[in-house]
Amino acid sequence: MTRVFVFLGLALALLAGLVAATVALAYGTEPAREGTLRLDGLSGPVTVAWSDSGGVFVEAQTEADLAAGLGYAHAVDHAWAMTLWRQAARGGLAEWFGGSNRALDLHARALGFADLAQQTYAALPPEQQAVLDAYARGASRGLADPGVAQSDAFLAGGVVPEPWRPWDALAVERLHAYLASSPLRLDSARADSADAARWAAAASDSAVVRFAAADSAFRTFLGAPSQAGGRVYAATSGGAATLASQVSAGSSALPLLAPAVLRVGSRVAVAATIPGTLVSPAGWSGGLGWGLLLGSDLRLEPYGGPAPAPVFSRVVDRAGNETLLEVARDTSGLVLRAGRSAAPRRPATQDTAASGAAGRGGETPGLTTPPTASPLASPDGAAADSAAADSTAPSGWRVRWRGFRPGTDLGAFAALRAGRVPDAFALFAREGLVATRAETRVLGRPVVAASGLGYALVARDSLARYAADRLARLVGRPAPPRPDAEAPPGGAPAAQRLTPEDLAEDAVSPWAARLNARLLAALGDRDSLGLALQVPYSYLRSWDGGYRADAIGPSVFEWWLVAHRDYTGHLPDPADSLDAALLPYTLRIARAELRDRYGTLPTEWRWGHLLGDGPRFPVLGGRGGVAARSYAEPLPFPGGHPTALVPGPSLVFERAHPPLAVWTVWSRLDDGRTFVRTPAGRPAASGVLDVGADAGGFVVALDPRAAMPARRLVLSPPR
């Protein structure tokens, strides 16, 4: 009998072990976030803690030790995002995902992200190398954790994370700087522009066309922004000063920002960091708040000089197939030798050059976007280049970008986290806002720089001037009273100040609100319209200009404008008698098209439904298997509009290309309390977002004065 019990006990123990192993394989294990871990190279203990809302606290005595703690936190929280970006920067996507991605790798190798990162690291002073070395040790320790290496993201991708090297952070930084530039669009030239002949020559050159196509595919693969974007604004309401930054993640659902409280000795900073790097585009330190417009200029120019010395690279895919690449690149740019003439592209005309081209007179011409610098630049090199500039068919082309020179913004971001304003940036454009309670300062020369009593706004997209109008209106009026507000003696309602949440959620377009009111006035009274138009009229009449995802008014409004433009060739101008006479007809067309495409019920015309899905997960969203199931669906569409404080897509301004994923960071300038609103969902330890959250996003709250959270890990030097 004793043997039977012993046998049963062993069987039960074996069964329990099998169950535990099955659970571990199915659901993975959690990386270490509590207890103590040994880490080489530390000069003292480093404490890393996680708040309930998803924020990270790192405390150390030296900058290098702080970088080690931040590297560990990035790796255990956002391993997939940072390693995918690293693999793209290396030009190693085919090594992970097969030969179909070879063209993406050839493009990354031509741009030289990894090579230039290693050159930059070798030229850095020892103290900055020490910071990158420490970050790499911390990140490598996190990537080696079974809870990270065996997480769903890596199982779905079918890869194992490699250790982090010191220059990897510089490669990822350079990748993000490049993706922050506006891509070349060969169909964007206007027929009457001074550059029309050069654009025609460039757009018909097969070498340029191949580069533009490869660049577009590379950016699309990563879900990068389709134009340089982002906005930063400061607002004072009710005596509270706030600095807010909107950081564009394009169409990617990957977590672009990792908010953290960073304490080095007695100094404390709150920084929205980019995983895999020491880049922090927004934050607060010592009373100084900063928000940067992550931009970097990319230009194309005629080139007739001697070719730079060739640079060679070898790409190996997952099956072991090799491809040798030779490019002509030096610190002045990437040279594309003139190729065969491709199919000619007709330059855009005056009426079609920008979405929302002006109507004929009246207020509607406010739709016209101001001219911006042409990405087809005049050469500024040797005399041979100048001669090429006079020709519409040069012997070659040169892609200019500041990232073709070795360099990093490591020191500039370290200065911001120390409460100082840097004098220059090497990779990113020095554009944005820095602010204290007493002063707001504009950095650089952004496309839009608007300011007034109690507010300032800067942006790289011209349509943000309407958002500045909305911001001025919001800070210039009392905030709406809340039901739970206390009333002072005498029964008068308590004074309410505008909260950062009010600003972060405001999707009202002053452009749309004004134009809609004028169109309805020209359309006439509801009872004068036929029955078919009374329903869309009612939605337009009750609409406040807000582009919320569940609203129907913006769908009717924008479809009406597009229908009128398709019929007449221009947007409606209510002051024009002919346009006013056509408004009922084009509204009837819009109603019929909405019914045909989306259904007969107006509830099927919601703004979020018209514009489709929200941000998606690069790579993971298209993978099969159980591990990738949670990444298959896109995040909810967040709403917004190019002319609203909350940016978003538009049917009218289709060339505006605003991002689907926007991270909003706002800091109170008096005490540094910082809140980060994700595009949709809560940051998850798997390196993505919790897709079960709604389109309102999730807010990570950080207070630099708060005690370290109870859930903490100590990284300790070896004994």
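Residues numbered from 1 in each chain as written. Predicted model: local features only at pLDDT ≥ 70, side-chain atom pairs only at ≥ 80, totals over all residues. Heavy atoms only, no water.

Chemist: What exactly am I supposed to notice about the overall build of the protein chain here?
Modeler: Counting its regular elements, the protein chain contains 20 helices and 22 strands. Counted over contacts in the protein chain with a minimum sequence separation of 6, partners at least 24 positions apart contribute 70%. Within the structure as shown, the protein chain displays about 29100 Å² of accessible surface, and the carbon and sulfur contribution to it stands at 55%. (Helix = DSSP H or I, 4+ residues; strand = E, 2+ residues; numbered from the N terminus. Contact = heavy atoms within 4.5 Å. Areas by Shrake-Rupley, 256 points an atom, 1.4 Å probe, with all protein chains shown as cover.)

Chemist: How should I be thinking about the environment of Gly 419 in this particular structure?
Modeler: Of note, Gly 419 is situated in the loop between α13 (410–417) and β15 (432–435). For the pair formed by Gly 419 and Gly 286, sequence separation is 133 residues and the distance between their alpha carbons is 5.5 Å. Not counting residues within four places of it along the chain, the set of residues in contact with Gly 419 comprises Ser 285 and Leu 288.

Chemist: Which parts of the structure should I look at to understand unusual backbone geometry?
Modeler: The general pattern is negative phi for most residues beyond glycine and trans for most peptide bonds. Phi at Val 619 takes a positive value of approximately 70°, unusual for a residue other than glycine. Assignment of secondary structure puts Val 619 in the loop between α20 (607–610) and β19 (662–668).

Chemist: I'm lost on the sheet that holds strand β16 (residues 440–443) in this one. Help?
Modeler: Strand pairing in a sheet relies on backbone hydrogen bonds, with the paired strands running either antiparallel or parallel. With mixed pairing, the 10 strands of this open sheet are ordered in space as β1-β22-β2-β3-β6-β7-β8-β9-β15-β16. Two strands bound the open sheet, and with one partner strand each, they are β1 (35–38) and β16. Recorded for the sheet is a direction-independent mean angle of 15° between the axes of neighbouring strands. Across 4 bridges, the pairing between β15 and β16 is antiparallel. Along β16, the bridge assignment pairs Val 434 with Arg 441. Contacts between α13 and the sheet are confined to β6 (258–264), β7 (267–273), β8 (282–285) and β9 (288–292), with β9 contributing the most and set at about 145° to the helix. (Pairing = 2+ DSSP bridges. Axes fitted to C-alpha atoms, helices over the stretch in contact; angles between N-to-C directions.)

Chemist: Please clarify how the sheet that holds strand β20 (residues 674–677) should be interpreted in this entry.
Modeler: On the basis of which strands lie adjacent, the open sheet formed by 7 strands has the order β17-β18-β4-β5-β19-β20-β21 and antiparallel pairing. Strands at the two margins of the open sheet, each flanked by one partner only, are β17 (448–452) and β21 (699–702). Pairs of neighbouring strands in the sheet enclose a mean axial angle of 10°, with direction left out of account. Bridge count between strand β5 (residues 240–248) and β19: 7 bridges; the pairing is antiparallel. For Ser 245, the partnering residue across the bridge sits in β19 and is Val 665. Lying over the sheet, helix α14 (residues 464–475) contacts β4 (231–237), β17 and β18 (455–459), oriented at roughly 165° with respect to β18.

Chemist: Is there a simple way to explain the packing of helix α2 (residues 63–90) against helix α6 (residues 126–143) in this structure?
Modeler: For any two helices packed against each other, the geometry is given by the interaxial angle and the distance between the axes. Contact geometry of α2 with α6 gives a least axis separation of 6 Å together with a crossing angle of 45°. Classified by the interaxial angle, the pair formed by α2 and α6 is oblique. Classified by chirality, the crossing of α6 by α2 is right-handed. In terms of residue class, the contact of α2 with α6 is built from 15 nonpolar, 5 polar and 2 charged. (Parallel < 35°, antiparallel > 145°, perpendicular 65-115°, else oblique. Left-handed = near helix turned anticlockwise from the far one by under 90°. Nonpolar A, V, L, I, M, F, W, Y, C, P; charged D, E, K, R; others polar.)

Chemist: Can you help me understand the packing of aromatic side chains in this one?
Modeler: Two aromatic rings are characterised by how far apart their centres lie and by the angle between their planes. Under the criterion given, the structure shown has 19 aromatic pairs. Their ring planes at 90° and their centres at 5.9 Å tell us that Trp 559 and Tyr 598 sit as a pair that is edge-to-face. Taken together, the residues Trp 559 in helix α18 (residues 553–568) and Tyr 598 in helix α19 (residues 577–598) connect sequence positions 39 residues apart. When its relative accessible area of 16% is taken as the criterion, Tyr 598 is described as buried. Among the aromatic residues, ring-to-ring pairing joins Trp 511, Trp 543, Tyr 547, Phe 557, Trp 607 and Phe 653 into one connected group. The aromatic ring of Trp 50 is capped on one face by Arg 33, whose charged end is 5.4 Å from the ring centroid. (Phe/Tyr/Trp six-rings, centres within 6.5 Å; stacked < 30°, edge-to-face > 60°. Buried < 20%, exposed > 50% of the residue type's maximum accessible area, 1.4 Å probe, protein only. Lys NZ or Arg CZ within 6 Å of the ring centre and 35° of its normal.)

Chemist: I would appreciate a short explanation of the packing of helix α16 (residues 510–523) against helix α17 (residues 531–541) in the present structure.
Modeler: The N-to-C vectors of α16 and α17 enclose an angle of 140°; their axes lie 10 Å apart at closest approach. The angle between α16 and α17 places the two elements in the oblique class. The handedness of the crossing between α16 and α17 comes out as left-handed. Contact residues: Asn 516, Leu 520 and Leu 523 in α16; Tyr 537, Leu 540 and Arg 541 in α17.

Chemist: Mind showing me how you'd approach α16 here?
Modeler: Spacing of three or four residues puts side chains on the same side of an α-helix, whose turn is 3.6 residues. The first and last C-alpha atoms of α16 sit 20 Å apart over 14 residues, in line with the 20 Å expected at 1.5 Å per residue. Listed in full, the buried residues belonging to α16 are Pro 510, Trp 511, Ala 512, Leu 515, Asn 516, Leu 519, Leu 520 and Leu 523. Against the buried residues of α16 lie α14, α17, α18 and α19. At the C-terminal side of α16, Gly 524 shows a positive phi close to 105°. (Expected span 1.5 Å × (residues − 1).)

Chemist: Looking at this structure, how should I read the pattern of salt bridges?
Modeler: Charged atoms that come close allow side chains of opposite charge to pair. Following the criterion strictly, the structure yields 22 salt bridges and no others. Across the pair Arg 86 and Asp 168 runs a salt bridge whose closest N-O atoms are separated by 3.1 Å. Of the two residues, Arg 86 sits in helix α2 while Asp 168 sits in helix α9 (residues 168–179), which places them 82 residues apart along the sequence. Residue Arg 86 is classed as buried on the basis of its relative accessible area of 1%. Taking relative accessible area as the criterion, Asp 168 reaches 2% and is therefore assigned buried. With its nearest N and O atoms 2.6 Å apart, the salt bridge here joins Arg 460 to Glu 431. With Arg 460 in the loop between β18 and α14 and Glu 431 in the loop between α13 and β15, the pair connects residues that are 29 residues apart, well separated along the chain. Here Arg 460 falls in the buried class, since its relative accessible area comes to 17%. (Salt bridge = Lys/Arg side-chain N within 4 Å of Asp/Glu carboxyl O.)

Chemist: What am I meant to see in the environment of Leu 713 here?
Modeler: You can see Leu 713 is positioned in strand β22 (residues 712–716). For the pair formed by Leu 713 and Arg 33, sequence separation is 680 residues and the distance between their alpha carbons is 5.3 Å. In this view, Leu 713 contacts Ala 32, Arg 33, Glu 34, Gly 35, Thr 36, Leu 37, Val 46, Thr 47, Val 48, Trp 50 and Tyr 72; residues no more than four positions away in its chain are not counted.

Chemist: Please explain the confidence of the model for the protein chain as it appears in this structure.
Modeler: Averaged over all residues, the pLDDT of the protein chain equals 82, while 80% of them reach at least 70. Least confident of the elements in the protein chain is helix α12 (residues 383–389), whose mean pLDDT is 39; most confident is α6, at 98. Confidence drops under pLDDT 50 across residues 479–496; counting only partners more than four residues distant or on other chains, this segment forms 16 contacts. A low-confidence stretch, residues 682–695 stays under pLDDT 50, and its non-local contacts, those more than four residues away or across chains, total 54 contacts. (pLDDT = per-residue confidence, 0-100.)

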